[in-house]
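# Structural overview
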Amino acid sequence: MSVTPRQAGEERREGEAPRDERTRRVLVTGLSTYWGSRLALALESFERIEAIIGVDSNAPNIELERTEFVKVTNQHSLLERIVRAAEIDTVIDTRLVVNSLMASPRDAHENNVIGTMNILAACTGADSPVRKFIFKSSTHYYGSEQDDPAFFTEHMRRPHPPRTGLERDIVDAEESVSEFAERHPHLAVTVLRCANVLGPDVDTAFTRMFRLPMVPMVLGFDPRLQFVHEDDVVHALEHAAFHDTRGIYNVAADGVLSLSEIAGLLGKWPLPVLPPWGTGLATGSLRRLGFRIPDEVLNQLRFGRGVDNRLLKATGFHYGYTTRETALKLGEHLRLAPVMRGAEQTYTYEREVEEFLRWSPHVRRERPSEREGAAADREPLGI
Amino acid sequence: MAEEHRTPLAAPIEIPDEVDEAALPDRRPAERMRDLLPAIEPERRLDDWGRSERIEGLMDRTLVEFFYRYWFRAEVEGIENVPSESGGLLVSNHAGALPPDAAMIAKAIREEHPNPRPVYLTVEHFFKGYPGFSMLIPKVGGVPAHPANVHRLLYDERQLVLVFPEGRKGTEKLYRDRYRLRRFGRGGFVEAAMRAEAALVPTCVIGAEEAMPVFTQVDILRRLTGLLYFPITPTFPWLGPFGMLAYLPAKFRIRFLEPIDTAELGGAEAAEDKALVQTLAQEIRARIQENLYEMLSARKSAWLG
């Protein structure tokens, strides 16, 4: 890992994004999703962030100290009232569904297309306090086809029309974001297209696949795949929050590995169980056995996908892990998992308790800087 | 056709920069973007293109070595015309059902060049969708022929790339049309080299046409098998798939011609000039054709050289 915190007065290098000191009051959408809660937790350690408001239709799954949760569905009138009342300057939208196993097609569409439009609508208005919008998207935007380039760059459009409902929703959502950016040039809009994420905690189609005793492959194909570590995704969101990085960026670790190479790093055997012809039928019978491969990943098992990650690096971002290191880390975790089982604690959000802890005059509260060992205002990681 | 969906190399970035342009990052300062390429991880067995040094080395020491040295007895001229540091686009004639010319050119550079560099070969997208081939071809240095791939290899990574502008028209060619160059596509390779400011090295190969003469193409069998083409050669389909590797022992000669410096011609900006691109493509084609005729007239026997 080569994370070297930059000194305060240090000159920024050519091409790096300037710092944005004005991010103070943040709205995180999708607080109950993995990314929403991870991000809120990370933002809590920055003293200069005065307010973190999280919205979602479900309660958060992790314990948060000062993030305030408001239970609200994607209704733009309510969201707009929250944004105005709390004087939100930065909206970070982490709510996009990028795995078709996580939600029914209908819910995913509702969330990805309609939800995005509502959130964008909540950020507009003549005297809206919002000046920054960060949208977490996915490299599913590019799809995965036979005649794809080996490395997608940010300015490439999708070469073929989307094949699955989820991909269509992601393309639609991004389209409304870029239209929004064009129409509101005073807003700094950042889109982060994240590659497939791996990590000990995150639950994706690929982490599920790599938890199996052997790694399923399509016979005769060894796709090139690129991943990103879960921590790096959180750091990239932080980086976008604290820098003026407007535009579209791919978020993917260095290195494109073949699936067999990844299986080797995880210490598992590749198993070509899926036939090259009639793959759809075979996944149907796999589903009956209790293992599902989402449609948007199926093509990736054949043709793979690589993206160019240099544009984000040029803004001064540093990745903590390469794709190879990400796979190795996951391998370590998977070997340890059977030993650690049952040790993790579960958390349930209790509204009364959370409100008591935040607002009761009898609770003694410390600023993060007063806590032992906490840096007063730590540098955003990955810088 | 797939061509129409393909992304142009330099489409504008979607989100406009409106407020204080000066403070914003410059989009792509070339030198800096090159520095930001992923570092090479020595523990890895493949590179980011899926190329495997191990598998390639194994092939190189066995099959390719045998064909290059003993079967085809390849001879090389003008190796000094291949750039030893910067990016270079080798443009060659192409022939044979499963042409051995690409492997021989790569081997020639590995054997004769003062700086033996790997050569990336552009291949049809077809192979990426074909089970088995899709695993093997990237491992030995094949890269799908997409303009963005060629650009990254030439411009960012400064590698050697081999293209056959005749493409499928070259491999479909029958024995009676041997050494007569087909049309050079739309000059996409010239455009790619100019954008990348890489040298263009015209390359001539003789021997490949005799090593696997194609007598005829059977269209109906091609459709039935789903192959790119279905040739009838001295050994295929009689010996099954292995017939594709049964070459006749023709003598190979490879000649690298003087490189064309695209940076001198105006580089990336001139790549927009369609007329210039076409003229250059025609000129390269003419030079290869001329040299092929010259090499053929000097050859006493197809088998002994």
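Residues numbered from 1 in each chain as written. Chains lettered and ligands numbered in written order. Predicted model: local features only at pLDDT ≥ 70, side-chain atom pairs only at ≥ 80, totals over all residues.

Tallying secondary structure elements over chain B gives 12 helices and 10 strands in all. Across the 305 residues that make up chain B, the buried fraction comes to 41%. Within chain B, counting contacts between residues at least 6 apart in sequence, those at least 24 apart form 77% of the total. (Helix = DSSP H or I, 4+ residues; strand = E, 2+ residues; numbered from the N terminus. Buried ≥ 20, exposed ≤ 12 C-beta atoms within 10 Å, placed from the backbone. Contact = placed C-beta atoms within 7 Å.)

The next subject is the overall build of chain A. Check the secondary structure of chain A and you find 13 helices and 13 strands. For 383 residues, the compact-globule formula gives about 21 Å, and the C-alpha radius of gyration of chain A, at 21 Å, lands near that figure. Taken along its principal axes, the extent of the C-alpha atoms in chain A is 65 × 50 × 45 Å. In chain A, which comprises 383 residues, the share counted as buried stands at 49%. Considering only contacts within chain A whose residues lie at least 6 apart along the sequence, 82% involve residues at least 24 apart. (Rg over C-alpha atoms; globule rule 2.2 N^0.38 Å.)

Residue and element names in this part refer to chain A. Taken in spatial order, the seven strands of this open sheet run E3-E2-E1-E4-E5-E6-E11, and their pairing is parallel. This sheet does not close on itself; its edge strands, each paired only once, are strand E3 (68-71) and strand E11 (247-251). Across the sheet, the axes of successive neighbouring strands diverge by a mean angle of 20 degrees, strand direction being ignored. Relative to strand E2 (residues 51-56), strand E1 (residues 25-29) runs parallel, the two sharing five bridges. When the bridges of E2 are listed, valine 28 appears paired with glycine 54. (Pairing = 2+ DSSP bridges. Axes fitted to C-alpha atoms, helices over the stretch in contact; angles between N-to-C directions.)

Next up on the list: the packing of helix H3 (residues 53-71) of chain B against helix H4 (residues 101-112) of chain B. Two packed helices can be described by the angle between their axes and the distance between those axes. Residues and elements named next belong to chain B. With their axes 10 Å apart at the nearest point, H3 and H4 run at an angle of 100 degrees to one another. Considered as vectors, H3 and H4 are oriented roughly perpendicular to each other. Listed contacts from H4 to Asp60, Val64 and Tyr68 of H3 are Ala103, Met104, Lys107 and Arg110. Here the contact of H3 with H4 is built from residues that sort into four nonpolar, no polar and three charged. (Parallel < 35°, antiparallel > 145°, perpendicular 65-115°, else oblique. Nonpolar A, V, L, I, M, F, W, Y, C, P; charged D, E, K, R; others polar.)

We now examine the environment of asparagine 112 of chain A. All names here are of chain A. Within the secondary structure layout, asparagine 112 lies in helix H3 (residues 105-122). With 61 residues separating them in the primary sequence, asparagine 112 and alanine 173 have C-alpha atoms 6.1 Å apart. Setting aside chain neighbours within four positions, we find asparagine 112 in contact with Leu96, Val97, Asp169, Ile170 and Ala173.

With that settled, consider the nonpolar core. Counting 166 residues, the largest nonpolar core has Leu89 and Ile105 of chain B as the members making the most contacts within it. Leaving out residues up to four positions away in the same chain, isoleucine 105 of chain B has contacts with Leu90, Ser92, Val119, Leu162, Thr203, Val205 and Ile254 of chain B. (Core = buried A, V, L, I, M, F, W, Y, C linked by C-beta atoms within 7 Å.)

Moving on, we get to the environment of phenylalanine 317 of chain A. All names here are of chain A. Looking at the element boundaries, phenylalanine 317 is found in the loop between helix H11 (310-314) and helix H12 (323-340). Accessibility expressed as a C-beta count within 10 Å gives 24 for phenylalanine 317, which makes it buried. For phenylalanine 317 and valine 191, which are 126 residues apart along the polypeptide, the C-alpha to C-alpha distance reads 15 Å.

Attention now goes to the confidence of the model for chain A. Detailed reading of the predicted model is not advised wherever pLDDT is low. All names here are of chain A. Of all residues in chain A, 91% attain a pLDDT of 70 or more, and the chain-wide mean is 88. Scored below 50 in pLDDT, residues 1-10 shows 10 contacts in the model against residues more than four places distant or in partner chains. Considering only residues more than four positions removed or in separate chains, one finds that residues 372-376, a stretch of pLDDT under 50, has five contacts. (pLDDT = per-residue confidence, 0-100.)

All names here are of chain B. When pLDDT is averaged across chain B, the result is 85; 90% of the residues are at 70 or more. The secondary-structure element of chain B with the lowest mean pLDDT is helix H1 (residues 2-5), recorded at 41, while strand E9 (residues 253-256) shows the highest, at 96. Across residues 1-27, confidence stays below pLDDT 50; counting only partners more than four residues off in sequence or on other chains, it has 42 contacts. Reported confidence for the predicted complex is 0.86 by ipTM and 0.87 by pTM.

What follows deals with H4 of chain B. Under the 1.5 Å per step criterion, the end-to-end length of H4 of chain B is 16 Å for 12 residues, consistent within 8% with the ideal 16 Å. All of the buried residues along H4 of chain B are Asp101, Ala102, Ala103, Met104, Ile105, Ala106, Lys107, Ala108 and Ile109 of chain B. (Expected span 1.5 Å × (residues − 1).)

What follows covers the environment of histidine 140 of chain A. Residues and elements named next belong to chain A. Tracing the backbone shows histidine 140 in the loop between strand E5 (132-138) and helix H4 (165-183). Take histidine 140: there are 28 C-beta atoms within 10 Å of it, and that puts it in the buried class. Note: C-alpha distance between histidine 140 and glutamate 167 (27 residues apart in sequence) is 6.1 Å.

Attention shifts here to unusual backbone geometry. Residues and elements named next belong to chain B. Across the junction of phenylalanine 236 and proline 237, the peptide omega takes the value 5 degrees, indicating a cis bond. One non-glycine residue, glutamate 197, adopts positive backbone phi at about 50 degrees. Looking at the secondary structure, you find glutamate 197 in the loop between helix H8 (188-196) and strand E6 (199-206).

Residue and element names in this part refer to chain B. Two elements in contact, helix H6 (residues 147-156) and H8, have axes whose closest approach is 9 Å; the angle formed by their N-to-C orientations is 40 degrees. The angle between H6 and H8 falls in the class oblique. Here the hand of the crossing between H6 and H8 comes out right-handed. Side by side, H6 and H8 meet where Pro147, Val150, His151, Leu154 and Tyr155 of the first sit next to Gly188, Ala192, Ala193, Arg195 and Ala196 of the second. Across the contact of H6 with H8, the residue classes break down as seven nonpolar, two polar and one charged. (Left-handed = near helix turned anticlockwise from the far one by under 90°.)

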